[in-house]
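Remarks on the overall topology
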Amino acid sequence: MIIAVDGPAASGKGTLATGLAQHYGLPHLDTGLLYRAVGRAVGDYEDLPEFEARAIAAAEALDAGHLTDIAELTSARSGVLASKVAVIGPVRQALFEFQRSFATQAGGAVLDGRDIGTKICPDADVKLFIQADSKARMERRARQLEARGVVVDRYALFHQIEERDARDMLNPHGGFYKAADAHLLETTHLGIEAALRAAIAIVEKVMALKAGGRTSS
Ligand SMILES: Nc1ncnc2c1ncn2[C@@H]1O[C@H](COP(=O)(O)OP(=O)(O)OP(=O)(O)O)[C@@H](O)[C@H]1O
Ligand SMILES: Nc1ccn([C@@H]2O[C@H](COP(=O)(O)O)[C@@H](O)[C@H]2O)c(=O)n1
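Because the structure is a prediction, the values reported are computed rather than measured.

**Looking at the overall build of the protein chain**
Each helix and strand counted, the protein chain has 10 helices and 5 strands in total. Expected size for 217 residues packed as a compact globule is a radius of gyration near 17 Å; at 17 Å, the protein chain falls within 12% of this value. Each principal axis of the C-alpha distribution contributes one length, and for the protein chain these read about 55 × 35 × 30 Å. With 217 residues in all, the protein chain has 39% of them scored as buried. Here the analysis covers contacts within the protein chain between residues at least 6 apart in sequence; of these, 75% occur between residues at least 24 apart.

**Here's the deal with the UniProt feature "binding site: ATP" (unreviewed entry) in the protein chain**
Annotation from UniProt places "binding site: ATP" (unreviewed entry) at Gly-7, Pro-8, Ala-9, Ala-10, Ser-11, Gly-12, Lys-13, Gly-14 and Thr-15. For Ala-10, the location among the structural elements is in the loop between β1 (2-6) and α1 (13-24). What Ala-10 contacts, discounting residues up to four positions off in sequence, is Arg-137, Arg-140, Arg-141 and Ile-161. Relative to the helices and strands, Gly-12 resides in the loop between β1 and α1. Taking the number of C-beta atoms within 10 Å as the measure of exposure, Gly-12 has 26 and is therefore buried. The contacts of Gly-12, once residues within four sequence positions are left out, are Ile-130, Ala-132, Arg-140, Thr-187 and Ala-195.

**Let's talk about the UniProt feature "domain: Cytidylate kinase" (unreviewed entry) in the protein chain**
Taking the numbering used here, the UniProt-annotated feature "domain: Cytidylate kinase" (unreviewed entry) corresponds to residues 3-203. With 55% helix and 11% strand, residues 3-203 has end C-alpha atoms that lie 8 Å from one another.

**Points about the sheet that holds β1**
Hydrogen bonds along the backbone pair up the strands of a sheet, which may run parallel or antiparallel. Pairing within the open sheet is parallel, and its 5 strands lie in the order β2-β3-β1-β4-β5. Two strands lie at the open edges of the sheet, namely β2 (28-30) and β5 (183-186), each paired on one side alone. Recorded for the sheet is a direction-independent mean angle of 20° between the axes of neighbouring strands. Summarising the sheet, strand β4 (residues 126-131) and β5 pair through 4 bridges and their orientation is parallel. The residue of β5 that forms the bridge with Phe-129 is Leu-184. Together, β1, β4 and β5 form the strand contacts of helix α10 (residues 192-211), whose direction differs from that of β4 by roughly 155°.

Rules behind the numbers
Per chain, residue numbering runs from 1 following the sequence as it is written. Chains and ligands are labelled sequentially in the order written, the chains with letters from A and the ligands with numbers from 1. The model is predicted, so local features are restricted to residues of pLDDT at least 70 and side-chain atom pairs to those at 80 or more, both for listing and for counting; the totals for chains, interfaces and linings are taken over all residues. Under the DSSP-based scheme used, a helix requires at least four consecutive residues in state H or I and a strand at least two consecutive residues in state E, with every element numbered from the N terminus. The size measure is the radius of gyration over C-alpha atoms, and the globule rule it meets is 2.2 Å times the number of residues to the 0.38 power. With C-beta atoms placed from the backbone, the exposure class of a residue follows from how many other C-beta atoms lie within 10 Å of its own: 20 or more, buried; 12 or fewer, exposed; in between, partly exposed. Each residue is represented by a C-beta atom placed from its backbone, and any two residues with such atoms within 7 Å are regarded as in contact. UniProt positions are given in the numbering used here, feature names are shortened, and annotations may be inferred rather than shown by experiment. By the convention used here, strands pair only if DSSP detects at least 2 bridges between them. Interaxial angle, 0 to 180 degrees, is taken between N-to-C directions of lines fitted to C-alpha atoms, where a helix line uses only the stretch in contact.

This is how it looks when you write it as structure tokens:
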């Protein structure tokens with residue numbers, strides 16, 4: 001079974017994807033980490049002409065060994081750099097191969113990101129699109145960073161999240177929208193446990209309908 005989990009920044013898709021992977025005993029890939037690793041590799045070249053060429057080379061050379069140091073990869077700066085390399089077509093193409101080979105391994109997988117249901121796994125068995133309003137997402141991210149000892153400017157964080165969402169949605173090479181057959185899960189007023197229960201309920205319903213030869217969205 002392949003489960004695709006998409007949604008905007010700090011919507012909780014990684015948390016839900018991790019919970020679904022544990023529940024169903026499937027491997028999980030947080031695809032945002034791939035873009036973050038590429039962004040981190042070229043951060044020093046951000047304002048230089050060779051930024052794009054270096055980002056493409058970093059994406060083509062990426063392997064699982066680059067996905068370490070999660071604290072740095074999940075920093076706000078890595079998120080911004082990730083969304084800058086994510087608009088480069090050949091970077092997306094290089095990362096496509098990495099994601100496809102993860103998704104198509106025997107037994108299935110859970111992948112979370114922006115374009116899993118639309119571009120990486122349009123054939124996924126179950127597609128979830130996670131939503132939460134911008135203020136709730138900012139607050140979740142702020143608490144996550146504060147738990148690591150980071151001092152957070154909530155006003156700046158809110159604008160950074162909105163800016164990143166806008167760049168992602170306008171990305172000409174992206175696919176950041178709810179797939180027609182994805183199930184919307186609105187979590188603004190749901191805690192982590194309740195959101196996971198709701199996600200599992202959707203997966204169960206979709207799989208039961210599929211087993212009965214019907215489809216639902
Ligand atoms: N439903 C929820 N209610 C409250 N907090 C949540 C909820 N879901 C996730 N969180 C918390 O919000 C923070 C961000 O969650 P998570 O990393 O899963 O988001 P994400 O969408 O994967 O983020 P990003 O796309 O930026 O990597 C985490 O600290 C997580 O514990
Ligand atoms: N499938 C994906 C995943 C991520 N991106 C880009 O990476 C940025 C960071 O992603 P997070 O999930 O860790 O927040 C994100 O803002 C996107 O620009 C992507 O394009 N496609």
